[in-house]
Amino acid sequence: MSNALEDLYQTIILEQAKARTGEGIEEHSDGSSHQVNPTCGDEITVQVDLDGDRVSALRWEGDGCTISMASASILSELAVGWDIDTARDRITTFRTVMRSRGAAELPEEEFEDGIALNGVSRFIMRVKCAMMSWVAFEDALAQALATGASHATGTTSAGVSHC
Amino acid sequence: MTSPSVSKTSPEALTLAEVTRIREDFPIFGRQVNGHPLVYLDTAATSQRPLAVLGAMRSFDLQHNGSVHRGAHTLAAESTELFETVRAEVAAFLGADADEVVWTKNATEGLNLIASAFVNASAGRGGPDADIFALHPGDEILITESEHHSNLVPWQEVSAHTGATLRWIPLGDDGELRLDLLDDLLTERTRVVAFAQVSNVLGGIVPVSRIVARAREVGALTVLDVCQSAPHLPLDLHTLGVDFAALSGHKMLGPTGVGCAYGRRELWKAMPPFLTGGSTITTVTMDHTDFIDPPERFEAGTQMTEQVVGLGAAVRYLQQVGMPRIAAWEQMLGTRLAEGVTTIPGVRLLGPSAGRPRTGLVSVDVEGVHAHDVGQLLDAQGIAVRVGHHCAQPVHHRYGVTASTRASTYLYNTPSEVDAFLDALSGVRHYFGVGA
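About the criteria used
- Residues numbered from 1 in each chain as written.
- Chains lettered and ligands numbered in written order.
- Predicted model: local features only at pLDDT ≥ 70, side-chain atom pairs only at ≥ 80, totals over all residues.
- Heavy atoms only, no water.
- Helix = DSSP H or I, 4+ residues; strand = E, 2+ residues; numbered from the N terminus.
- Buried < 20%, exposed > 50% of the residue type's maximum accessible area, 1.4 Å probe, protein only.
- Contact = heavy atoms within 4.5 Å.
- Areas by Shrake-Rupley, 256 points an atom, 1.4 Å probe, with all protein chains shown as cover.
- Phe/Tyr/Trp six-rings, centres within 6.5 Å; stacked < 30°, edge-to-face > 60°.
- Lys NZ or Arg CZ within 6 Å of the ring centre and 35° of its normal.
- Domains from an automatic or database assignment.
- Salt bridge = Lys/Arg side-chain N within 4 Å of Asp/Glu carboxyl O.
- Nonpolar A, V, L, I, M, F, W, Y, C, P; charged D, E, K, R; others polar.
- Pairing = 2+ DSSP bridges.
- Axes fitted to C-alpha atoms, helices over the stretch in contact; angles between N-to-C directions.
- Parallel < 35°, antiparallel > 145°, perpendicular 65-115°, else oblique.
- Left-handed = near helix turned anticlockwise from the far one by under 90°.
- Polar contact = N/O pair within 3.5 Å; in protein donor to acceptor, adjacent residues only side chain to side chain.
- Buried area = accessible area lost by both parts, 1.4 Å probe.

Remarks on the overall build of chain A
Each helix and strand counted, chain A has six helices and four strands in total. Across the 163 residues that make up chain A, the buried fraction comes to 52%. Contacts in chain A between residues at least 24 apart in sequence constitute 64% of all its contacts with a sequence separation of at least 6. Carbon and sulfur atoms form 48% of the exposed surface of chain A, whose accessible area is close to 7000 Å².

Observations concerning the packing of aromatic side chains
Residue and element names in this part refer to chain B. One pass over the structure, following the stated rule, counts 19 aromatic pairs over all chains. Taking the centre distance of 5.5 Å and the plane angle of 75 degrees together, the rings of Tyr 410 and Tyr 412 count as edge-to-face. By relative accessible area, which is 0% here, Tyr 410 ends up buried. Among the aromatic residues, those joined into a cluster by ring pairs are Phe 118, Phe 133, Trp 155, Phe 244, Trp 268 and Phe 298. Directly above the aromatic system of Phe 29 lies the positively charged group of Arg 23, at a separation of 4.7 Å from the ring centroid.

Observations regarding the domain arrangement of chain B
Residue and element names in this part refer to chain B. Partitioning chain B into domains gives domain 1 (16–48 + 322–431) and domain 2 (58–319). Each of domain 1 and domain 2 has a C-alpha centre, and these two points are 28 Å apart. Domain 1 puts 41 residues into the contact, and the matching count from domain 2 is 35 residues. Our count for the contact surface shared by domain 1 and domain 2 stands at two salt bridges. A salt bridge links Arg 398 to Asp 173, with the shortest nitrogen-to-oxygen separation between them at 2.7 Å. Of the residues assigned to the side of domain 1 that touches domain 2, the class counts are 20 nonpolar, 15 polar and six charged.

Focus: the sheet that holds strand β16 (residues 386–388) of chain B
Residues and elements named next belong to chain B. Strand order in the open sheet formed by four strands is β13-β14-β17-β16, and the pairing between neighbours is antiparallel. What marks the edges here is a single partner per strand, and that holds for β13 (347–350) and β16. Neighbour-to-neighbour, the strand axes of this sheet turn through a mean angle of 30 degrees, independent of strand direction. Pairing of β16 with strand β17 (residues 404–408), which is carried by three bridges, proceeds in the antiparallel orientation. Residue pairing for β17: Val 387 is matched across the bridge by Thr 405. Packed on one face of the sheet, helix α11 (residues 323–342) meets β13, β14 (361–366) and β17 and runs near 15 degrees to β14.

Observations regarding the packing of helix α3 (residues 74–94) of chain B against helix α10 (residues 305–321) of chain B
Any two packed helices are characterised by how steeply their axes cross, that is the angle between the axes, and by the distance between the axes. Residues and elements named next belong to chain B. Relative orientation of the contacting elements α3 and α10 amounts to 40 degrees, with a least axis distance of 9 Å. Our classification of the angle between α3 and α10 gives oblique. The handedness of the crossing between α3 and α10 comes out as left-handed. For the pair formed by α3 and α10, the contact residues are Leu 82, Phe 83, Val 86, Glu 89, Val 90 and Phe 93 on the first element and Thr 305, Val 308, Val 309, Leu 311, Gly 312, Val 315, Arg 316, Leu 318 and Gln 319 on the second.

Observations regarding the packing of helix α2 (residues 51–64) of chain B against α3 of chain B
Residue and element names in this part refer to chain B. The geometry of α2 relative to α3 is characterised by a closest axis approach of 10 Å and an angle of 155 degrees between their N-to-C directions. Between α2 and α3, the angle is such that the two are roughly antiparallel. In this structure, α2 contributes Phe 60, Gln 63 and His 64 to the contact, and α3 contributes Leu 75, Glu 78, Ser 79 and Leu 82.

Some points on unusual backbone geometry
Between Pro 294 of chain B and Pro 295 of chain B the backbone carries a cis peptide bond, its omega angle lying at 0 degrees. Of note, Arg 20 of chain A is a non-glycine position whose phi angle comes to about 50 degrees, a positive value. Following the sequence through the fold, Arg 20 of chain A ends up in the loop between α2 (11–19) and β1 (31–37). What makes Arg 20 of chain A partly exposed here is its relative accessible area of 23%. Within the chain, Glu 112 of chain A stands out as a residue other than glycine whose phi angle is a positive 50 degrees. The residue Glu 112 of chain A is located in the loop between α5 (108–111) and α6 (127–146) in this model.

Digging into the environment of Arg 356 of chain B
Residue and element names in this part refer to chain B. With respect to the secondary-structure elements, Arg 356 resides in the loop between β13 and β14. For Arg 356, a relative accessible area of 42% corresponds to the partly exposed category. With 180 residues separating them along the chain, Arg 356 and Glu 176 place their C-alpha atoms 9.5 Å apart. Looking at Arg 356, its side chain comes within polar contact range of the side chain of Glu 176, at 2.6 Å.

Here we look at the interface of chain A and chain B
With 21 residues of chain A at the interface, the matching set in chain B holds 15 residues. Both sides of the chain A and chain B interface together cover about 1500 Å² of buried area, and 53% of this is carbon and sulfur. Here chain A is connected to chain B by one salt bridge. Between Asp 373 of chain B and Arg 126 of chain A there is a salt bridge whose closest N-O contact spans 2.9 Å. Listed by contribution, the elements that provide at least two residues to the side of chain A that touches chain B are α1 (3–8), α2 and α3 (66–79) of chain A. No other element matches α1 of chain A, which puts three residues into the side of chain A that touches chain B.

A word on the sheet that holds strand β5 (residues 140–144) of chain B
Residues and elements named next belong to chain B. Spatially, seven strands are ordered β4-β10-β9-β8-β7-β5-β6 in an open sheet, and the strand pairing comes out mixed. Strand pairing shows two members of the sheet lacking a second neighbour, β4 (101–104) and β6 (165–169), which therefore form its edges. Adjacent strand axes in the sheet meet at a mean angle of 20 degrees when their direction is disregarded. Here five bridges tie β5 to β6, and the two strands are oriented parallel to one another.

Below, the structure is given as structure tokens:
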């Protein structure tokens, strides 16, 4: 197998895809977003709760490939405790690196285990897989903010991942 | 893994020596992918193109390029002659007449062209001649659960525009259409039946004549998607008796950007135009247009002449090899695939079981491993397959998956390529730590 493939399917990725940290959605959330990857039909729903301007919970439910499931699992580990600005900043960085065709890498101090996703950026067909949960997170966050106070019942928006 | 049975081919099939010769016409097969020789098993998405097709397009550009059906100069005349000669050649290839073949961008456009007639006629366009296409609430459109989105979504649109009800022939657990329900679903209320001869996911060959016979009994029009059949099987549209058909050139050795729609002559004549503008008219005043006869009525704007020329070369190439021999070769490859995947633990064949009529195409679900991951692992070994829903989400939904892995062959594929795919497939679950 090629080295690039080993970069893509690092042990952490394979483990996270099985662990599915954060899996399981609830009836109520501050913000929720359902995203679909139109190329394969994969889908995910991400829910966020806010405590003031901090992410207090992130839950998700979805069906997809190793990369998309691992990415959602890693996101769940990272996002809880982020304030809104940090979350937006991390989403921007993640998107930039994933789109970089291998030219950029995620900073380890910010993304921890998430740097295992660095290899994805060299596989143009897989960038959407990694992005799907992050796009849903971005949208869920926007929903939560749009509905105002935390612990209100947010709206669920649906969309197609534009990554 | 257990080896599939020794391949048997009927006497009329191509020989391995001939296929080896054919492969030399496709320089792309000389390349490496990720350090391995390319194993191209994605023809159902798009086929590779032989030198003869590229040569025809190059020669057209270097020697003849002019505007078809416009002007009086020699280049325009030569281009027009080539353009119309290919129309006749493609028509003959399909068992049709030249004036029954309309150029389109691809099959999707062809099917939209045909579907639009029902929308336009229902809105009164085309006058009394077009009544045959006019639909009303209470009328029914019949499709199948195994359709490609391109032969499903346009009919949903027709239904939404006209009030006609969309119905479909369901798929059975055996991967084949429930034709036992045909008489209940195809009734006097049915005005049009649209279906694929070969499903792009399941690979089974649908008994067209049975559906056409029933459609005729009740006076319904038939639309046949031949995207996955015309490139692989001998086809005679007149004998099949369908009213319309559509295909894409790039799935049959031709370039992208060209396909065609077939229609019975009198139906084209009765049909209101689709895209309008230049080329589609006889007389235009500021407030009125008279439209020209088919096929030009449906070929708005300057056409993809170079691609049409390329498609002509593709069809000549296929005819030279011989469609019955290609079909027999691919039937052998398809059987080898279907039997082979069936022996791999954790791999489920979608579609008819080995031994049932199929082309050289199989789709599988690998238990516990997403199709994108399967495709990635195969690509690392130089094997190109399609992963995803293949523009047929309902078929996948029917069999409880969102995506599948599809291997599809053509006249240039060999049994050892099929075996390379089967070997790689049998290693997938181990790589991802699934199963024993």
